[in-house]
Amino acid sequence: MQKGLLHHVEIYVSNLKQSAEFWGWLLEELGYTAYQKWEGGQSWKLGETYLVFVQAEEKFLEPAYHRCRVGLNHLAFHAASRQQVDDMTKKLKGKEIQILYTDQHPFAGGEDYYAVFFEDPDRIKVELVAPE
């Protein structure tokens, strides 16, 4: 284990069932494995890092998440290759998950930045980035 490496990220979600389906599929595509599961949450782990999704209490559901407010803007994951970005883009479209910035895809991050951008059920932006 490397000092300073991210240990885990915990994200509160509005609908755990929906989020677990979305994130479970995506994270397992990226090599994560199911790690923990309890009535109010679920996590997936890769190496020493894990991501946790927890059902937010009803009293905290409003105002809804927006990535431009203070707090988390997006999560970006390494892809193995441009081909993996292309394959994932096809899979996302097959699942009817909207691709962001389609007019600039796959170079929405710049001419040397090959990635696909999309959103989770709560509209948290997610990005899969190919190596340079």
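A few points on the structure. (Residues numbered from 1 in each chain as written. Predicted model: local features only at pLDDT ≥ 70, side-chain atom pairs only at ≥ 80, totals over all residues. Heavy atoms only, no water.)

## A closer look at helix 2 (residues 82-94)
Next up, step 1: Counted at 1.5 Å a residue, the expected span for helix 2 with its 13 residues is 18 Å, and the 18 Å between its end C-alpha atoms agrees.
Next up, step 2: At its buried positions, helix 2 is contacted by helix 1 (16-29), strand 6 (115-119) and strand 7 (125-129).
Next up, step 3: The residue sitting at the N-terminus of helix 2 and contributing the capping side-chain oxygen is Ser81; that oxygen lies 3.3 Å from the backbone nitrogen of Gln83.
Next up, step 4: Directly beyond the C-terminal end of helix 2, a positive phi value near 60 degrees is found at Glu96. (Helix = DSSP H or I, 4+ residues; strand = E, 2+ residues; numbered from the N terminus. Expected span 1.5 Å × (residues − 1). Contact = heavy atoms within 4.5 Å. Polar contact = N/O pair within 3.5 Å; in protein donor to acceptor, adjacent residues only side chain to side chain.)

## Topic: the nonpolar core
A general feature of soluble globular proteins is that nonpolar side chains tend to end up buried together.
Next up, step 1: Of all hydrophobic cores here, the largest spans 30 residues; its most connected members are Trp23, Leu26, Phe53 and Phe77.
Next up, step 2: Elements with a contribution of two residues or more to this core: strand 1 (8-13), helix 1, strand 4 (49-55), strand 5 (74-78), helix 2, strand 6 and strand 7. (Core = buried A, V, L, I, M, F, W, Y, C linked by side-chain atoms within 4.5 Å. Buried < 20%, exposed > 50% of the residue type's maximum accessible area, 1.4 Å probe, protein only.)

## Quick look at the packing of aromatic side chains
Next up, step 1: Taken as a whole and judged by the stated rule, the model has nine aromatic pairs.
Next up, step 2: For the pair Trp23 and Phe77, a centre-to-centre distance of 6.4 Å together with 55 degrees between the ring planes defines the contact as tilted. One end of the pair, Trp23, is in helix 1; the other, Phe77, is in strand 5, with 54 residues separating them in the sequence. Both residues of the pair, Trp23 and Phe77, belong to the buried class.
Next up, step 3: Ring geometry for Phe107 against Tyr114: centres 5.3 Å apart, planes inclined by 80 degrees, an arrangement best described as edge-to-face.
Next up, step 4: For Phe107, a relative accessible area of 34% corresponds to the partly exposed category.
Next up, step 5: A relative accessible area of 10% means that Tyr114 is categorised as buried.
Next up, step 6: Through pairs of rings, three or more aromatic residues link up here, namely Phe22, Trp23, Tyr32, Trp44, Phe53, Phe77 and Phe118. (Phe/Tyr/Trp six-rings, centres within 6.5 Å; stacked < 30°, edge-to-face > 60°.)

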